[in-house]
Amino acid sequence: MIEVKNLTKKYGDNTAVSNLNFIVEKGKIYGFLGPNGAGKSTTMNIIAGCLAATEGQVLIDGHDIFEEPKAAKSHIGYLPEQPPLYPDMTPYEYLRFVGTAKGLRKADLAEQIEKVIDITQIDDVRNRLIKNLSKGYRQRVGIAQAMLGDPEIIILDEPTVGLDPKQIIEIRALIKTLGEQRTVILSSHILPEVSAICDYVMIISKGSLVASDTLENLSNYLTGDKIMDLSVRGEEGKIRMALNEIEGIIEYEITPSRDDDGIFDIVIKSDRDRDIRESVFFAFSDLRFPVLNMVNEIITLEDVFLRLTTDPDEVREDALQLRENLIVEEFDADDDEPDYEDDEAYDDEDEYDDDYEDGGGKDDKDDGDYKPLFK
Ligand code: ADP
Ligand code: MG
């Protein structure tokens, strides 16, 4: 359906997208996930034929988007990050305008307009001016225009940014409905959004694809096993023997504690469905080996996302605690002192957190002009 080959986009010296390769198959919902600035919009603009690539190729149903734009674009409906709405038109007028531009005429045009109005549920507001609509309704109008012409692929760039929680739920439900009959690609910097809607996830970080798999595989692969951190005072040989007896342990690693002779730090990987804490406790109490620390870690998809999209030495102090287990090897490799002082890292993290709460990445850039109605 869509083939992206060696796609690179440079803005001057800044490489926004670097050598992307992926295939999008028919009839699924794809999530393009990455933090702000990762290159999502750039990629989507290129796939939709709105931006030229520096290198590489995009084929839509076999048609090159640059060489045969008309044939390629006819398969795609696109809702950019900033929907190109005309505030002084009504949704109905706007859809007529877009439909006509897409080459629809008369009965076909009228029929398709009614269809998209129905699917996106904007009938109530069809004759109001777009500038008077809520952001949720405007987003629906944006999705409605993307659907005109009945394209097989719908591309939505951060479709829920700036919406309130109720609107987010509604738009997500709408996207799910779209995905029943079409291929949908949506971008988001919000992980729960992608896990709520998508079948397939592509994680992009700093312009490169760092993971690409079904949501199920990604979750299973990375969150499939439970990890326990344990510290025990005792003898290594006996500790091993005890651990070998415990059911549910997949593997473990023992290292002598750095701080204290006779203490061993143990990382145990066990079946996700099994709680081994009691067995571990009794095994060591039988041996009269005191357990000094026992912590269960569950690697969440969030951890995975952060790990894949965060530089290990750009980690903020409080986030570090959460992720210590995941990135400890990278720190230990050559640098025992993670660089907390890196201002850029602070900024990036703050931006991410804010976005998480208000669901908006784009709005943050406009904070200077933003005048809240209520304080
Ligand atoms: P995302 O949509 O994932 O937030 P973008 O694709 O918008 O990321 O941006 C990727 C990178 O390219 C960023 O570093 C951004 O600053 C840069 N960039 C995007 N658009 C332009 C542009 N028109 N000119 C110069 N740099 C740009
Ligand atoms: Mg973007």
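Everything below is about the structure printed above this text.
Our subject in this report is the structure included herewith. (Residues numbered from 1 in each chain as written. Chains lettered and ligands numbered in written order. Predicted model: local features only at pLDDT ≥ 70, side-chain atom pairs only at ≥ 80, totals over all residues. Heavy atoms only, no water.)

Moving on, we come to the coordination of the magnesium ion (ligand 2). The coordination sphere of the magnesium ion (ligand 2), as far as protein atoms go, consists of Ser 41 (OG) and Glu 81 (OE), spread over 2.0 to 2.7 Å. In this pair, Ser 41 sits in helix α1 (residues 40-47) while Glu 81 sits in the loop between β6 (76-79) and α3 (91-101), placing the two residues 40 residues apart along the sequence. (Donors = N, O, S within 2.8 Å, 3.2 Å for Na, K, Ca; no water. Helix = DSSP H or I, 4+ residues; strand = E, 2+ residues; numbered from the N terminus.)

Surrounding ligand 1, one finds Tyr 11, Asn 14, Ala 16, Pro 35, Asn 36, Gly 37, Ala 38, Gly 39, Lys 40, Ser 41 and Thr 42. Between ligand 1 and the protein, one listed contact pairs an oxygen atom with a backbone N or O atom of Gly 37 at 2.7 Å. Contact distances for ligand 1 include 2.8 Å between an oxygen atom and a backbone N or O atom of Lys 40. Here ligand 1 loses 61% of its free accessible area of 560 Å² to cover by the protein chains. Secondary-structure elements contributing two or more residues to the shell around ligand 1 are β2 (14-24) and α1. When residues in the shell around ligand 1 are grouped by element, the largest group, three residues, is from α1. (Near = heavy atom within 4 Å. Polar contact = N/O pair within 3.5 Å; in protein donor to acceptor, adjacent residues only side chain to side chain. Areas by Shrake-Rupley, 256 points an atom, 1.4 Å probe, with all protein chains shown as cover.)

Taken as a whole and assessed by the stated rule, the structure comprises five aromatic pairs. Ring geometry for Tyr 30 versus Tyr 200: centroids 5.2 Å apart, planes at 45 degrees, classification tilted. You can see Tyr 30 sitting in strand β3 (residues 29-33) and its partner Tyr 200 sitting in strand β9 (residues 200-205), a full 170 residues away along the chain. Take Tyr 30 and Tyr 200: they sit in the same class, and that class is buried. A ring pair is formed by Tyr 86 and Tyr 94, whose centres lie 6.1 Å apart and whose planes are at 55 degrees; its orientation type is tilted. Tyr 86 sits in the partly exposed class, given a relative accessible area of 42%. Through successive ring pairs, a cluster of aromatic residues spans Tyr 86, Tyr 94 and Phe 97. (Phe/Tyr/Trp six-rings, centres within 6.5 Å; stacked < 30°, edge-to-face > 60°. Buried < 20%, exposed > 50% of the residue type's maximum accessible area, 1.4 Å probe, protein only.)

Most peptide bonds are trans, and most residues other than glycine sit at a negative phi. Positive phi, normally seen in glycine, also occurs at Asp 150, with a value near 50 degrees. Position of Asp 150 among the secondary structure elements: in the loop between α5 (135-147) and β7 (153-157). Unlike most non-glycine residues, Glu 158 shows phi in positive territory, near 45 degrees. With respect to the helices, strands and loops of the structure, Glu 158 is situated in the loop between β7 and α6 (165-181). The buried category is assigned to Glu 158, whose relative accessible area is 5%.

Packing of helix α4 (residues 106-120) against α5 brings their axes to within 9 Å, and their N-to-C directions diverge by 140 degrees. By the angle between their directions, the pair α4 and α5 is classed as oblique. Crossing of α4 over α5 shows right-handed handedness. Only Arg 140, Ile 143, Ala 144 and Met 147 of α5 make contact with α4, whose side of the interface consists of Gln 112, Val 116, Ile 119 and Thr 120. Across the contact of α4 with α5, the residue classes break down as five nonpolar, two polar and one charged. (Axes fitted to C-alpha atoms, helices over the stretch in contact; angles between N-to-C directions. Parallel < 35°, antiparallel > 145°, perpendicular 65-115°, else oblique. Left-handed = near helix turned anticlockwise from the far one by under 90°. Contact = heavy atoms within 4.5 Å. Nonpolar A, V, L, I, M, F, W, Y, C, P; charged D, E, K, R; others polar.)

Counting buried residues in α1 gives seven out of eight residues, a clear majority hidden from the surface. Gly 49, located one to two residues past α1, shows a positive phi value of around 80 degrees.

Quick look at the environment of Thr 177 now. Tracing the backbone shows Thr 177 in helix α6. Sequence spacing of Thr 177 and Thr 120 is 57 residues, and the spatial spacing of their C-alpha atoms is 9.7 Å.

Take the sheet that holds strand β4 (residues 55-60) next. Strand pairing in a sheet relies on backbone hydrogen bonds, with the paired strands running either antiparallel or parallel. Strands sit in the order β2-β1-β4-β5 across an open sheet of four strands; the sheet is antiparallel. The open sheet terminates on both sides in strands that have one partner only, identified here as β2 and β5 (63-64). Looking at chain direction, strand β1 (residues 2-11) and β4 are connected through five bridges and run antiparallel. Bridged to Glu 3 within β4 is Leu 59. In this fold α1 packs onto β1, β2 and β4, with an angle of close to 120 degrees to the strand it touches most, β1. (Pairing = 2+ DSSP bridges.)

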